[in-house]
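One letter stands for each residue in the lines below.
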There are 2 protein chains.
Amino acid sequence: MAQARNTNVISAFPTRRHNHGRCVSTAIESAERVSEARGARFTAIRRRVLELVWASHEPVAAYELLDRLKLEKSNATPPTIYRALEFLLENGLIHRIESLNAYVGCGNPENEHNGQFLICTRCGVVAELGCDSIDGAVRERAGELGFTVESHTVEIQGICESCGKTTR
Amino acid sequence: MAQARNTNVISAFPTRRHNHGRCVSTAIESAERVSEARGARFTAIRRRVLELVWASHEPVAAYELLDRLKLEKSNATPPTIYRALEFLLENGLIHRIESLNAYVGCGNPENEHNGQFLICTRCGVVAELGCDSIDGAVRERAGELGFTVESHTVEIQGICESCGKTTR
DNA sequence: AGCGGTTTTGTAATATTATATCAATATTGG
DNA sequence: CCAATATTGATATAATATTACAAAACCGCT
Ligand SMILES: [Zn+2]
Ligand SMILES: [Zn+2]
Ligand SMILES: [Zn+2]
Ligand SMILES: [Zn+2]
């Protein structure tokens, strides 16, 4: 169990009118630092795809990204997107939401971690948790069964607070 | 939080030479009871697909099931399989492993639950947990953020005890 | 600047996973 | 048996992802 634990960093649901430009610029700056530190090349395509992923807090599908990228780069093809996504995933800059086949930006890419996600089935917004207690419960239970954890996927579907308040 | 909690039923990793025929027959019998109780029709196709899913404790992809089914039913097509899978999922008889786009039999279909899975990346075997502490941690953390949980996906990748003992 | 190795990108083709549609058949309840 | 409903058959297509190989860009070195 010699593995770094996340501090309990919360990125709760973003309010409807938070300064999202700040989310994007912070993400890009983090990406630059992470890439620099790892000697990875944060190329124009990769940067642009990361910006497109960060267009909102809703997970984006690969082909949506492709359609969007094609508007400004007409020779973009599936590999263009999938290679960029692969790079961003490898460097922890985005997460893949398995239950949606879609991708979201990571709010804390400078600390390696497994994401845990709250996914609002009404508005589509996703919030990432960095939750020790879930992580701990997972590792503890796995350990009891002699299982060595490499990574884990936690995706929680439900209704976010804001949607819960509006008329159903 | 008025939701039934599983008892902490463990279906730890099946040993290499457990009586697997018993797994299958138990699963089919449970399926009959569940279907009966819910007034659902456990047709020949559905039964056969469930048996095929239960061919092992490794998740099976839809098109593997299709190839297999075609051997005995040459007119089987993707909808044949996907419809059967849909039925089996709806009735809790199988689970979908999102991170693998594959399906495994449920060992405890008579109690409604979200699965939590240990997935061995070496041998491919999957074990289902019915773990209160993980479930609890998820609900607690979500609750703190005003999020109402509908379902959750927990998939833990790593090395199972048996694989961990063999030479790497 | 020139060179050679490496990484990234371009391009075409294809694989894999999943769904839509409508007709035919089987099952159920009356 | 009849009519309504559920299931299955059959075809087509959508959505997601990967393979393969060539061209271009980049990097470290001289
Ligand atoms: Zn934002
Ligand atoms: Zn993250
Ligand atoms: Zn078994
Ligand atoms: Zn189960």
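Everything numeric here is computed off the predicted structure, so don't read it as measured data.

This brings us to the coordination of the zinc ion (ligand 3). Metal coordination angles have textbook ideals: 109.5 degrees for a tetrahedral set of four donors and 90 or 180 degrees for an octahedral set of six. Residue and element names in this part refer to chain B. Around the zinc ion (ligand 3), the protein contributes the donor atoms His18 (NE2), His20 (ND1), Cys23 (SG) and His57 (NE2), which lie 1.9 to 2.3 Å from the metal centre. Around the zinc ion (ligand 3) sit four donor atoms, and with donor-metal-donor angles ranging over 104 to 113 degrees the site reads as tetrahedral. In terms of primary sequence, the donors binding the zinc ion (ligand 3) are separated according to H-x1-H-x2-C-x33-H. Here Cys23 and His20 lie together in helix α1 (residues 20-38), a separation of three residues that amounts to about one turn.

What follows covers the interface of chain A and chain B. Chain A puts 36 residues into the contact, and the matching count from chain B is 36 residues. Sorting the residues of chain A by area buried against chain B places A:Arg141, A:Leu145 and A:Phe147 first, and these three jointly supply 23% of that buried surface. Linking chain A with chain B are zero salt bridges, by the criterion used here. Counting the contacts that link chain A with chain B gives 12 residue pairs in polar contact (both at pLDDT 80 or more). Where the side of chain A that touches chain B is concerned, the elements lending two or more residues are β3 (116-120), α5 (132-144) and β5 (148-159) of chain A. Examining the composition of the side of chain A that touches chain B, we find that 12 residues originate from one element, β5(A), more than from any other. Summarising the sheet, β5(A) and strand β5 (residues 148-159) of chain B pair through 11 bridges and their orientation is antiparallel. Paired with A:Gly158 across the two strands is B:Val149, which belongs to β5(B).

Overlaying chain A with chain B gives an RMSD of 0.0 Å, the required rotation being 180 degrees about an axis along which the chain moves by 0.0 Å. What the rotation and shift describe, once combined, is the action of a two-fold rotation axis. For chain A, the residue whose C-alpha comes nearest the rotation axis is A:Val154, separated from it by 2.3 Å.

About the criteria used
- Residues numbered from 1 in each chain as written.
- Chains lettered and ligands numbered in written order.
- Predicted model: local features only at pLDDT ≥ 70, side-chain atom pairs only at ≥ 80, totals over all residues.
- Heavy atoms only, no water.
- Donors = N, O, S within 2.8 Å, 3.2 Å for Na, K, Ca; no water.
- Tetrahedral: all angles 85-135°; square planar, octahedral: opposite > 155°, others 65-115°.
- Helix = DSSP H or I, 4+ residues; strand = E, 2+ residues; numbered from the N terminus.
- Contact = heavy atoms within 4.5 Å.
- Buried area = accessible area lost by both parts, 1.4 Å probe.
- Salt bridge = Lys/Arg side-chain N within 4 Å of Asp/Glu carboxyl O.
- Polar contact = N/O pair within 3.5 Å; in protein donor to acceptor, adjacent residues only side chain to side chain.
- Pairing = 2+ DSSP bridges.
- Least-squares fit on C-alpha atoms with pLDDT ≥ 70 in both.

Function cannot be inferred from these measures alone, as they are strictly geometric.
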